[in-house]
Amino acid sequence: MSERDRMLAGELYRPDDPDLTAARTRARRLCRAYDEVPEDEPARRREILASLFGTLGSGAFLEPPFRCDYGVHIHAGDGLYMNFGCVLLDCNRIDIGHRVLFGPGVHIYAATHPLDAALRSSGRELARPVRIGDDVWIGGGAIILPGVTVGDRVVVGAGSVVTRDVAPGWVVAGNPARHVKRVD
């Protein structure tokens, strides 16, 4: 089993594997290229994002700067909007539904580390998939942690840290994020 296979299976893996290192280097180059494309060249921006993401729906717009680890593990639906400074650590799959809005500085982390200090010091890492449903609005500075599913029609308050799954149709806020009210 390759280190990439281990990573995507949620098992301990070595991030210094040459294939993973090359894939991260590719993603960083594409992110920098995207950031440098002028606003009046939307076709070129779309071309770069289509090369970077695993799947990219129509009408996606990301305000630069944007950063990710691999890009190819990000699968986004139609109408995605990311404001300035979003970071997606896609060491595992990150699925983003249709019509999802990210405020500035939103971070999504599929990457994590072992809790055991001896395993952590070995240099091996872990990753868990993240899923964001349809019609979700994630407020500025919010963080979505590894393994979390955010249901459809959820609103995540600015600055929140989402540590566990969020049921569809809720507003959540705080650190850790808690259900505040239903929006349906």
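Everything discussed here concerns the structure shown above.
Every value quoted in this text rests on a predicted model; they were computed, and no experiment measured them.

### Structural notes on the side chain of Arg-24
- Along the polypeptide, Arg-24 turns up in helix α2 (residues 18–36).
- In terms of polar contacts, Arg-24 uses its side chain to reach the backbone carbonyl oxygen of Pro-15, at 2.9 Å.
- Within polar-contact distance, the side chain of Arg-24 engages the side chain of Tyr-70 at 2.8 Å.
- Every residue in contact with Arg-24, bar those within four places of it in the chain, is listed here: Pro-15, Asp-69 and Tyr-70.

### Regarding the pattern of salt bridges
- If you walk through the whole model with that rule in mind, you get seven salt bridges.
- Two residues, Asp-16 and Arg-14, come together in a salt bridge whose shortest N-O distance is 3.6 Å.
- Of the residues examined, Arg-14 reaches a relative accessible area of 32% and is grouped as partly exposed.
- The partner of Asp-135 in a salt bridge is Arg-99, with the nearest N and O atoms 2.6 Å apart. Separated by 36 residues along the polypeptide, Asp-135 in the loop between β12 (130–132) and β13 (137–138) and Arg-99 in the loop between β7 (94–96) and β8 (101–102) bring together distant segments of the chain.
- On the basis of relative accessibility, which here comes to 45%, the residue Arg-99 falls in the partly exposed class.

### Thoughts on the packing of α2 against helix α3 (residues 42–52)
- Where α2 meets α3, the axes come as close as 10 Å, and the angle between the chain directions of the two elements is 165°. The angle between the axes of α2 and α3 places the two elements in the roughly antiparallel class. The hand of the α2/α3 crossing is left-handed. Facing α2, whose interface residues are Arg-26, Ala-27, Leu-30, Cys-31, Ala-33 and Tyr-34, α3 presents Arg-45, Ile-48, Leu-49, Ser-51 and Leu-52.
- In terms of residue class, the contact of α2 with α3 is built from eight nonpolar, one polar and two charged.

### Describing the sheet that holds strand β1 (residues 55–56)
- Strand order in the open sheet formed by five strands is β1-β4-β7-β12-β15, with parallel pairing between adjacent strands. The two strands at the open ends of the sheet, each matched to only one other strand, are β1 and β15 (149–150).
- Here three bridges tie β7 to β12, and the two strands are oriented parallel to one another. Across the sheet, residue Ile-94 finds its bridge partner in β12, namely Val-130.

### Some thoughts on α2
- Compared with the 27 Å implied by 1.5 Å per residue over 19 residues, the 27 Å span of α2 between its first and last C-alpha is a close match.
- Where the residues of α2 are buried, they touch α1 (3–8), α3, β2 (61–62) and β3 (66–68).
- With a side-chain oxygen positioned 3.1 Å from the backbone nitrogen of Asp-19, the residue opening α2 is Asp-17.

### What about the environment of Asp-5?
- Along the chain, Asp-5 falls in helix α1.
- With 45 residues separating them along the chain, Asp-5 and Ala-50 place their C-alpha atoms 23 Å apart.

The rules we used
Residues numbered from 1 in each chain as written. Predicted model: local features only at pLDDT ≥ 70, side-chain atom pairs only at ≥ 80, totals over all residues. Heavy atoms only, no water. Helix = DSSP H or I, 4+ residues; strand = E, 2+ residues; numbered from the N terminus. Polar contact = N/O pair within 3.5 Å; in protein donor to acceptor, adjacent residues only side chain to side chain. Contact = heavy atoms within 4.5 Å. Salt bridge = Lys/Arg side-chain N within 4 Å of Asp/Glu carboxyl O. Buried < 20%, exposed > 50% of the residue type's maximum accessible area, 1.4 Å probe, protein only. Axes fitted to C-alpha atoms, helices over the stretch in contact; angles between N-to-C directions. Parallel < 35°, antiparallel > 145°, perpendicular 65-115°, else oblique. Left-handed = near helix turned anticlockwise from the far one by under 90°. Nonpolar A, V, L, I, M, F, W, Y, C, P; charged D, E, K, R; others polar. Pairing = 2+ DSSP bridges. Expected span 1.5 Å × (residues − 1).

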